[in-house]
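Next come the chains, spelled out residue by residue.
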Amino acid sequence: MGIVISPSILNSDVSDIRGELEKIQNADFAHVDVMDNHFVPNLTWGLPVVERIVQRGILPVDAHLMIADPDRWAPGYAEAGCASVTFHAEAASAPIRLAREIRKLGARAALALKPATDIAAYEDLLPEFDMILVMTVEPGFGGQSFLDSMLPKVRRTREAIERAGLDIWVQVDGGVSQETIERAAEAGANNFVAGSAVFKAEDAAGEVDRLRELAIGSAH
């Protein structure tokens, strides 16, 4: 299980997505936040924009769907060529069926948990997923402060995965920076979504490298 850095383009210059992606070619994924102004109080972009980002072919796309009714919409992102498709536990009505459909379409299937949602209810479902996303902010907006109160949940999630003998990534999203990534890695996360920290840095690629180094040094 290696360290994975997935910069969020939510905090990039969206008028020049190609240029912004080229700045972070040393990252593992481009994390693309899809928000519908229903599940979260913000609106970003939908499938046509994500499809274009996939077609650019600069980085594999990690689509994080903060949307209502992912059972209906999430498979389209896998069909569009996203490497990983994450939907929220709080929004999905049939998470197992949806995860299986996403996998059948060739993408990694991931389950996201808002801060108030515990992993305990989903432990028996872990084999259906390739990644669990523990939100370290309330989803909806970039630039928020990391919630240290989520570290015990990251730890419980990693422990549940290890007890089950599974190879599942644990992703953290929200407030990830040089100041917080080591704590998250020590707790058991291995996939890190950093938005502001990367795209507001003078050298975005250098920031990706530094975050990777810090995470490797503190990895669980």
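Higher on the page you've got the structure.
Only a predicted model underlies this, so the values are computations on that prediction, with no experimental measurement involved.

Caption draft 1: Region of the structure containing unusual backbone geometry. A positive phi angle, close to 65°, is found at N37, a residue other than glycine. With a phi angle near 55°, D69 is a residue other than glycine that sits in the positive phi range. Its relative accessible area of 36% is what places D69 among the partly exposed residues.

Caption draft 2: Highlighting the pattern of salt bridges. Taken as a whole, this structure holds 10 salt bridges when the rule is applied. Linking D118 and R156 is a salt bridge whose minimum nitrogen-to-oxygen distance equals 3.4 Å. Taken as a pair, D118 in the loop between β5 (108-113) and β6 (131-135) and R156 in helix α5 (residues 151-163) lie far apart in primary sequence, 38 residues in all. The partly exposed category is assigned to R156, whose relative accessible area is 36%. With a closest N to O distance of 2.7 Å, D148 and R183 form a salt bridge. Of the two residues, D148 is situated in the loop between β6 and α5 and R183 in helix α6 (residues 181-187); the sequence distance between them amounts to 35 residues. On the basis of relative accessible area, D148 is assigned to the partly exposed category, the value being 35%.

Caption draft 3: How the structure looks around the pairing of strand β3 (residues 61-66). Where burial is concerned, most of β3 is hidden: six out of the six residues are buried. The pairing of strand β2 (residues 30-35) with β3 spans six bridges and is classified as parallel. Across the sheet, the residue bridging to H31 is D62, located in β3. Taken together, β2, helix α2 (residues 47-56) and β3 form a β-α-β motif whose crossover is right-handed. Bridge count between β3 and strand β4 (residues 84-88): four bridges; the pairing is parallel. Residue pairing across strands places D62 opposite S84, the latter belonging to β4. Tracing the backbone out of β3, into helix α3 (residues 70-79) and back to the parallel element β4 gives a crossover that is right-handed.

Caption draft 4: Geometry of the sheet that holds β6. One open sheet holds the eight strands; their spatial order is β1-β8-β7-β6-β5-β4-β3-β2, and the pairing between them is parallel. If you trace the sheet from one side to the other, it starts and ends with β1 (4-5) and β2, each paired once. In this sheet, strand β8 (residues 191-193) lies alongside β1 in parallel orientation, the contact comprising two bridges. Paired with V4 across the bridge in β8 is N191. Sitting on the sheet, α3 is in contact with β2, β3 and β4, with an inclination near 170° to β4. Packed onto the sheet, helix α4 (residues 95-104) meets β4 and β5 and runs at close to 165° relative to β4.

Caption draft 5: Here's a closer look at the nonpolar core. In terms of nonpolar packing, the biggest core is built from 66 residues, with I24, V50, V85, I102, I132 and F192 touching the most fellow members. If one sorts the elements of this core by residue count, helix α8 (residues 204-218) sits on top with five residues. Among all residues touching I132, those that are not within four sequence positions of it are L111, L113, I119, L126, T157, I168, W169, V170 and Q171.

The rules behind these values
- Residues numbered from 1 in each chain as written.
- Predicted model: local features only at pLDDT ≥ 70, side-chain atom pairs only at ≥ 80, totals over all residues.
- Heavy atoms only, no water.
- Buried < 20%, exposed > 50% of the residue type's maximum accessible area, 1.4 Å probe, protein only.
- Salt bridge = Lys/Arg side-chain N within 4 Å of Asp/Glu carboxyl O.
- Helix = DSSP H or I, 4+ residues; strand = E, 2+ residues; numbered from the N terminus.
- Pairing = 2+ DSSP bridges.
- Right-handed = clockwise from strand over helix to strand, strands pointing away.
- Contact = heavy atoms within 4.5 Å.
- Axes fitted to C-alpha atoms, helices over the stretch in contact; angles between N-to-C directions.
- Core = buried A, V, L, I, M, F, W, Y, C linked by side-chain atoms within 4.5 Å.

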